[in-house]
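Now for the letters of each chain:
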Amino acid sequence: LILDIIVCLIAPTWGTVLFVLFLLASIPLDVRRLHDFGMSGWWLFSPFMWLVLPFIPSQHGANKYGPNPVDNEHNVSAIKVYSVIGIIWLVVLPLALLPALHSSRQKARILHCSSNIKQIGTGIVMFEQDNPGKMPSDLQTLISKDYLTGSDTCQCPTSSQKYIYLGNGVSENCSGDIPVAMDTPGNHDKWVNILLKSGAVQTYSFSSKTKSCVDILRELFPTLENTKDGRIILENARNIDAGKVL
């Protein structure tokens, strides 16, 4: 039951399946348990009866439902086998859930960064409203002029890597589909959050062999080099890859 609760928190669909299997398997076992101390299986419908089933001792000797299972050496051996299987299951199930747990944590981290980058987009919009025709030169400008609340908004909470700003030198009236900020490559394996000029944040998957900002942008935005602003974005990305700017 405890493992089922954990599964429900990590993967609700599989948790529901496990709960149904757990319920179906427990009904005949609970009925047999009731018979062990001379009670009808219909008592299973009594509220909270299943909570006390593990703590009531069996009757000594036989009752109207048959002999005491503990008096049968074969049953004792079977109980030992079931106990070993149960212990193995308790070990195997958490190991089987590790990939789902990792995936869930990864999605939570990506979502957190997406929220941070969305705030950066809001800060850029506010900056443009106060400074018509001008894009901020870097993220520090947004912090120093109170368009962003603190430097934590500008970095991944997991890796502490700063988000990358690409909009320096881009015209205010450029296409809303070009990227102006993004995660540092590798923050989320092969996933990256990218802020578009329109203010939208999109999460993309890129080739695992791609490591540099330029390569990621070329893979995800193959038409960037066709426009002046797009070429500025790529040039800023090259400088970032070369370590010339933060």
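Analysis parameters
- Residues numbered from 1 in each chain as written.
- Predicted model: local features only at pLDDT ≥ 70, side-chain atom pairs only at ≥ 80, totals over all residues.
- Heavy atoms only, no water.
- Helix = DSSP H or I, 4+ residues; strand = E, 2+ residues; numbered from the N terminus.
- Buried < 20%, exposed > 50% of the residue type's maximum accessible area, 1.4 Å probe, protein only.
- Phe/Tyr/Trp six-rings, centres within 6.5 Å; stacked < 30°, edge-to-face > 60°.
- Core = buried A, V, L, I, M, F, W, Y, C linked by side-chain atoms within 4.5 Å.
- Contact = heavy atoms within 4.5 Å.
- Pairing = 2+ DSSP bridges.
- Axes fitted to C-alpha atoms, helices over the stretch in contact; angles between N-to-C directions.
- Salt bridge = Lys/Arg side-chain N within 4 Å of Asp/Glu carboxyl O.
- Parallel < 35°, antiparallel > 145°, perpendicular 65-115°, else oblique.
- Left-handed = near helix turned anticlockwise from the far one by under 90°.
- Nonpolar A, V, L, I, M, F, W, Y, C, P; charged D, E, K, R; others polar.

Caption draft 1: Seen up close, the environment of Leu 224. Considering the arrangement of structural elements, one finds Leu 224 in the loop between helix H6 (213-220) and helix H7 (228-241). On the basis of relative accessible area, Leu 224 is assigned to the buried category, the value being 5%.

Caption draft 2: Molecular detail of the packing of aromatic side chains. According to the stated counting rule, one finds three aromatic pairs in the structure shown. Plain terms: the ring middles of Phe 127 and Tyr 147 are 5.6 Å apart, the flat faces sit at 75° to each other, and that makes the pair edge-to-face. With Phe 127 in helix H4 (residues 73-130) and Tyr 147 in the loop between helix H5 (139-144) and strand S1 (164-165), this pair connects stretches of sequence that are 20 residues apart. We classify Tyr 147 as buried; its relative accessible area is 15%.

Caption draft 3: Representation of the nonpolar core in the model. Membership of the largest hydrophobic core comes to 21 residues, with the highest contact counts inside it found for Leu 166, Met 182 and Leu 217. Of all the elements in the fold, those that place two or more residues in this core are strand S3 (191-196), H6 and H7. With five residues, H6 is the largest single contributor of residues to this core. Residues in contact with Met 182, not counting those within four places in the same chain, are Ile 117, Tyr 163, Ile 164, Leu 166, Val 192, Asn 193, Ile 194, Cys 213, Ile 216 and Leu 217.

Caption draft 4: Looking closely at unusual backbone geometry. At Ser 160, a residue that is not glycine, the phi angle is positive and equals roughly 65°. Checked against the element boundaries, Ser 160 lands in the loop between H5 and S1. A positive phi angle is found at Asp 189, which is not glycine, with a value near 55°. Relative to the elements of secondary structure, Asp 189 occurs in the loop between strand S2 (179-182) and S3.

Caption draft 5: Molecular detail of the sheet that holds S3. Strand order in the open sheet formed by four strands is S1-S2-S3-S4, with antiparallel pairing between adjacent strands. Each edge of the open sheet carries a strand with a single partner, namely S1 and strand S4 (201-205). Taken together, the five bridges between S3 and S4 define a ladder with antiparallel strand orientation. Paired with Asn 193 across the strands is Thr 203, a residue of S4. Sheet strands touched by H6: S1, S2, S3 and S4. Its angle to S2, the strand with the most contacts, is close to 130°.

Caption draft 6: Structural view of the pattern of salt bridges. Overall, the coordinates contain five salt bridges when judged by the stated rule. The salt bridge partner of Glu 128 is Lys 197, with a shortest N-O separation of 3.1 Å. With Glu 128 in helix H4 and Lys 197 in the loop between S3 and S4, the pair connects residues that are 69 residues apart, well separated along the chain. For the pair formed by Glu 128 and Lys 197, the shared burial category is buried. Among the charged side chains, a salt-bridge network with shared partners connects Arg 218, Glu 225, Glu 235 and Arg 238.

Caption draft 7: Fine view of the packing of helix H1 (residues 2-10) against helix H2 (residues 12-36). Contact geometry for H1 and H2: axes closest at 6 Å, N-to-C directions at 155°. In terms of orientation, H1 and H2 fall into the roughly antiparallel class. Crossing hand, H1 versus H2: left-handed. Residue-level contacts link Asp 4, Val 7, Cys 8 and Ile 10 of H1 to Pro 12, Trp 14, Gly 15, Thr 16, Leu 18 and Phe 19 of H2. Of the residues belonging to the contact of H1 with H2, the class tally is seven nonpolar, two polar and one charged.

From the geometry alone we can't say anything about function, so treat these as descriptive.
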